[in-house]
Amino acid sequence: MRDPYLRPSDLTRRAFLTTAGASAAAAALAGCAPASQPAAQAGAVADAAKTGAVPVTLRINGQEHRVSVDPRTTLLDCLRETVGLTGTKKGCDHGQCGACTVHVNGRRVNSCLSLALMHDGEEITTIEGLGAPEALHPMQAAFLARDGYQCGYCTSGQIMSAVALLKEPCGRDDADVKEFMSGNICRCGAYPNIVAAIQQVRGNR
Amino acid sequence: MHAFDFMRPGDAEAAIRAAAQTKTAQQGADVRFLAGGTTLLDLMKLNVETPARLVDINRLAFAKVEATPDGGLRIGATVRNSDLAYHPAVRRDYLPEAAAPPSAAATARSRCWARARAASPPTRRT
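Residues numbered from 1 in each chain as written. Chains lettered and ligands numbered in written order. Predicted model: local features only at pLDDT ≥ 70, side-chain atom pairs only at ≥ 80, totals over all residues. Heavy atoms only, no water.

**Regarding the packing of helix α4 (residues 138-145) of chain A against helix α5 (residues 155-165) of chain A**
All names here are of chain A. Where α4 contacts α5, the axes come no closer than 10 Å and their chain directions differ by 125°. One element, α4, and the other, α5, form an angle in the oblique class. Crossing of α4 over α5 shows right-handed handedness. Judged by residue contacts, Met139, Gln140 and Phe143 of α4 engage Thr155, Gln158, Ile159, Ala162 and Val163 from α5. Looking at the contact of α4 with α5 residue by residue, the classes come out as five nonpolar, three polar and no charged. (Axes fitted to C-alpha atoms, helices over the stretch in contact; angles between N-to-C directions. Helix = DSSP H or I, 4+ residues; strand = E, 2+ residues; numbered from the N terminus. Parallel < 35°, antiparallel > 145°, perpendicular 65-115°, else oblique. Left-handed = near helix turned anticlockwise from the far one by under 90°. Contact = heavy atoms within 4.5 Å. Nonpolar A, V, L, I, M, F, W, Y, C, P; charged D, E, K, R; others polar.)

**Describing the interface of chain A and chain B**
Size of an interface, as often reported, equals the accessible area lost when the parts are brought together. Each partner contributes residues to the interface: chain A has 25 residues there, and chain B has 31 residues. Of the roughly 2,300 Å² buried between chain A and chain B, counting both surfaces, carbon and sulfur atoms make up 53%. Counting the surface chain A buries against chain B, the share from its top three residues, Arg72, Leu113 and Met118 of chain A, is 27%. Across the contact surface, chain A and chain B share two salt bridges. Here Lys45 of chain B ties to Asp93 of chain A by a salt bridge, and the two come within 2.9 Å at their closest N and O atoms. (Buried area = accessible area lost by both parts, 1.4 Å probe. Salt bridge = Lys/Arg side-chain N within 4 Å of Asp/Glu carboxyl O.)

**Side note on the sheet that holds strand β2 (residues 31-34) of chain B**
All names here are of chain B. Pairing in this open sheet of three strands is parallel, and the strands run β1-β3-β2 from one edge to the other. Taken across any chain shown, the strands that pair with only one partner, and hence form the sheet edges, are β1 (5-7) and β2. This sheet shows a mean twist of 25° between the axes of neighbouring strands, independent of strand direction. Of the strand pairs in this sheet, β2 and strand β3 (residues 53-56) are connected by four bridges, and their pairing is parallel. Following the sheet pairing, Val31 is matched in β3 by Arg53. Together, β1, β2 and β3 form the strand contacts of helix α1 (residues 12-19), whose direction differs from that of β2 by roughly 150°. (Pairing = 2+ DSSP bridges.)

**What to know about the nonpolar core**
If you look at the biggest cluster of nonpolar residues, it comprises 28 residues, and the most contacted ones within it are Leu115 and Ile124 of chain A. Elements represented by at least two residues in this core include exactly β1 (54-60), β2 (63-69), α3 (75-82) and β3 (101-104) of chain A together with α2 (40-45) of chain B. Ranked by residue count, the leading element in this core is α3 of chain A, at four residues. In this structure Leu115 of chain A touches Pro71, Arg72, Thr73, Thr74 and Leu75 of chain A together with Phe4, Leu34, Leu41 and Leu54 of chain B, once residues within four positions along its chain are discounted. Ranked by size, the runner-up nonpolar core spans 21 residues in total, among them Ile159, Leu165, Phe180 and Ile194 of chain A. (Core = buried A, V, L, I, M, F, W, Y, C linked by side-chain atoms within 4.5 Å. Buried < 20%, exposed > 50% of the residue type's maximum accessible area, 1.4 Å probe, protein only.)

Geometric values such as these leave the question of function open.
Structure follows, in structure tokens:
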């Protein structure tokens, strides 16, 4: 039975994945590593006419990434699936949990409710770009010092939100921090320690 | 999510022209402006909204809050709620007890519908 949602210009996921897979296989057969940029680029451009994929350039953590994605691709899926930066998590995919929080031009954004296309040419910062194990961002260090996590799934988003909060007009009290962090939820209930970590970095603890 | 054409017009006139071709909301709008997208994309993921074309207005110059000569405020279409809430002119002229830096208590009081609900008797479920 024909998919009732399919319009003539529509592309099914299966068709998109099939052609994307075919181009990767063709590149491998030709002796080029699938990960090599020129082969991937050529394959992507050739595919664009067939699959409806469009080119997007994102500056992620200071590095330029040129990708070719279905216009419907969220920034979150682009970061995780296309670019391979899996530090940003998909918690609810509907803008309610905050696990997907990244920075766009320095401001926090729920990447699950944003399209990769919207941010063509913009500066994206993910948790991977905040600090490294040998050079932690002060907020990461504070989360460690204050035990601000348990399972860790919300933690990337919590830290990204907390870092952006430092530049926002948040009041001094714990209640103010809770209000400004209310878009990031934690099923493990690490909230008291998260607030403590943030207040420590702000100099209020 | 249904597929769509994505447009980023360079000025307001082009954006309006692009959107003028749409059916109305009641008819099932097929061209939508895209700003932050936190409502529109949420609904598009559920196939509640199914525009055939998105007109991205984020890079048009609509992000300003300006005083008008008659003492009002002109708020651009893509001004964020949080930017508006903490704008000095808004806090000074439009929010009560807002001369001091914002506190969570003040903002909670002014928009706490939960308190209003608690104050009125619960409705019966039938």
